[in-house]
Amino acid sequence: MYGYINRALQDLVVRDYGFEAWINILKRANVDLGEANEFNERRIYDDQNTTDLLTIAVEVLGVTKNSILEDFGTMFFEHCQKSGFDLMLQTLGGTLKDFFNSLDGLHEQMLLLYPGMRSPSFRAKESKYGRRLEIYYSSERTGLEYFVVGLIKAAACKLFGISVNVKVLSSISADSPWSKILVLPQSDKDLVYILPKDETMQLREKELSVITLGSRISSATFCRACPFHLMFDSNMVIYQSGISVCRVLPAIKVGRTNFKDVFECIRPPIKLTFNNILDFINKVFIVKTKEGLLDSASLTTVTEDDFGKLESPSMRFRGQMLYLPESDSVVYLASPSVVNLDGLNEKGLYLSDIPIHDATRDLILLSEQHNAEFKLSQRLEILTDKLQQTSRELQSEQQLTDRLLYSILPASVANDLRLRKPVMAKKYEIVTILFSGIVNFSSLCNETREPMEIVELLNEVYVKFDSLTDGNDEVYKVETVGDKYMAVSGLPTKCEKHAVNIAELALDMIDVVKGVNARGSQLQITIGIHSGEVVAGVVGQKKPRYCLFGNSVNLTSRTETTGLKGKINVSEYAYRCLLCQTQDKFVFKRRGPVIMKGKKEPMITFILTDKKN
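Being a predicted model, the structure only gives us computed values, none of them experimental. For every chain, the first residue of its written sequence is number 1, and the numbers climb from 1 along that sequence. Given that this is a predicted model, residues contribute local features only at a pLDDT of at least 70 and side-chain atom pairs are listed and counted only at 80 or more, while totals for whole chains, interfaces and linings are drawn from all residues. Excluding hydrogens and water, the side-chain figures rest on all heavy atoms present in the structure.

1. A look at the overall build of the protein
Then, in step 1: On a plain count of helices and strands, the protein comes out with 18 helices and 20 strands.
Then, in step 2: Projected onto its principal axes, the C-alpha coordinates of the protein cover approximately 135 × 60 × 45 Å.
Then, in step 3: Counting all 613 residues of the protein, 44% fall into the buried class.
Then, in step 4: Any two residues having at least one pair of non-hydrogen atoms within 4.5 Å are treated as being in contact. A fraction of 60% describes how many contacts in the protein between residues 6 or more apart in sequence connect residues 24 or more apart. Labels follow the DSSP assignment, with helices taken as runs of H or I lasting at least four residues and strands as runs of E lasting at least two, numbered in each case from the N terminus. We call a residue buried when its accessible area falls under 20% of the maximum for its residue type, exposed when it is over 50%, and partly exposed in between, using a 1.4 Å probe and counting protein chains only.

Shown next as structure tokens:
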């Protein structure tokens, strides 16, 4: 079943019950429609999908199967109108009877748009009891009678503006391929929209009796004008045949061959008897040749019925049966049922064999044009899918790039780089910097045979440190070089608590390394803290880095390298900043002056601990 039909069920559920209900039904029915959770109208789906969706919908929505089928049929009619078929539906017939008698012909034309479509068949006639319409419905799919009920009500309402009562009298079964449905107008005045008036039919017959003064065409000329026609009597014996039919089907012997020995009826689904044909005289008749009448070696006009058995192909004919009361015969005015130029091959069957007045010629050419457009559309859809996939992949890669960018640069700087704004170096008058290093790291490296042990140790330590810096937006991790870990507070966004932020980070770092062991002993780190002026900016283009420059960076590093092992060493400048920001948990112990490279005078440093230690 094409997704075009299933789309109506989807629209019905989404409109009346919400998109979440539709998603729930899809999940419970185990139907995968991709990311969009929508049916593709040009794709063929398994009929079982529709059956499962209807079954689950009854459970989820708390409605009866017949009611949802009726709503499904109504929504399908509305979907057809919205899809561009509204004008076509309005012109099918002047009454509900004519409308349903013309549906089969419309279905045949829809095969050009939806190849392989297995459409139902309809026949409408006035009831023998009068003032009511009987619609006969046949389909290879069973259990859809109430879908047709909704279709009938929608057609009556949307096309003729009337309301009708519809009752299913019988259903499709193994014994009967036809379901019988009764249609009654709710008002007597609406009967004119259901059945044509008797006066109209009598007027048409009277007009037909005076449009000719007698036959002036010979049988030979008629056989050339209608090259694919067949005439047969009440015994179904063919007594006249068009010239093209005789050429394509040499098995037909005029006067001897029985029509039902050569053909079998596809639409309407009936046995080929004279009385059955008369019952369906107003329908489009599609017949196909029986097996063995065509040579597969020389004929490539093969229908979809013959896929997989090319040794015995068949040809379809489509046309109208007309009753000839003067001879109690039937003439079948037909054309070869082909949808493209591939169907016009061997046996001398070309476009020139099809009469100019026959629309089949135009349909074949239109079909070729449609096929070319459809193939182009398919290629465009494939390209669109590839572009969407590429776009999603690019978006995913962009997200990875952004995460990497934000991991190595401050958020404000990364934002400017993403927006392609220039990032100028900036001077910060007062920030607080931290350097940490592992005690006796060189000795530890010399004692370790496997380099991976050192890498794993540093990774364990730095992951713990990163979790601490990530917990405070005012602290930025600058870089790691070997065992040295550098962090800063007060840039790129200025803050008043820069010294407190770094002091708290240092105390936390001392605590977290207590749980790290290196070659059987507890790991220790030395930390240096200094406050001062720096210049910060992005260096590099291919691998940009946010770097700090200035004497304060050097002093922080030397505060760490000259500091007491395993302690937090604070310079005098950082000490003063911390005193300006009252914090009860900090405890300082004066270490005294320390000689540092690059400073003429020794620097006074302090050891930082907290009260609990």
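2. Quick word on the sheet that holds strand S1 (residues 121-126)
Two strands in a sheet stick together by hydrogen bonds in their backbones, pointing the same way (parallel) or opposite ways (antiparallel).
Then, in step 1: Following DSSP output, two strands are said to pair if at least two bridges run between them. Pairing in this open sheet of four strands is antiparallel, and the strands run S1-S2-S4-S3 from one edge to the other. At either margin of the open sheet sits one strand with a lone partner, and together these are S1 and strand S3 (164-170). Strand-to-strand twist of the sheet, defined as the mean angle between neighbouring strand axes without regard to direction, takes the value 25 degrees.
Then, in step 2: Strand direction decides the pairing type here: S1 and strand S2 (residues 133-138), joined by six bridges, are antiparallel. What sits directly across from Glu126, in S2, is Leu133.
Then, in step 3: Sheet strands in contact with helix H5 (residues 96-110) are S1, S2 and strand S4 (179-185), and its direction is about 160 degrees off that of S1. Helix axes are fitted only over the stretch in contact, all axes being lines through C-alpha atoms; the angle between N-to-C directions runs from 0 to 180 degrees.

3. Some details on the pattern of salt bridges
Then, in step 1: The term salt bridge refers to a side-chain nitrogen of Lys or Arg lying within 4 Å of a carboxyl oxygen of Asp or Glu. One pass over the structure, following the stated rule, counts 21 salt bridges.
Then, in step 2: Residue Arg7 pairs with Glu41 through a salt bridge whose shortest N-O separation is 4.0 Å. In this pair, Arg7 is assigned in helix H1 (residues 3-17) and Glu41 in the loop between helix H2 (19-29) and helix H3 (47-61), connecting sequence segments 34 residues apart.
Then, in step 3: With a relative accessible area of 22%, Glu41 lands in the partly exposed category.
Then, in step 4: As a salt-bridge pair, Arg15 and Glu78 come within 3.7 Å of each other at their nearest N and O atoms. With Arg15 in helix H1 and Glu78 in helix H4 (residues 65-90), this pair connects stretches of sequence that are 63 residues apart.
Then, in step 5: Residue classification places Arg15 among the exposed positions, given a relative accessible area of 51%.

4. Structural notes on the confidence of the model for the protein
Then, in step 1: One confidence number per residue, pLDDT, is output by the predictor and ranges from 0 to 100. When pLDDT is averaged along the protein, the result is 84, and 91% of the positions lie at 70 or above.
Then, in step 2: Counted against residues more than four places away or in other chains, residues 296-304, with its pLDDT under 50, gives 24 contacts.
Then, in step 3: Counting interchain partners and residues more than four positions distant, the pLDDT-below-50 stretch residues 306-311 has seven contacts.

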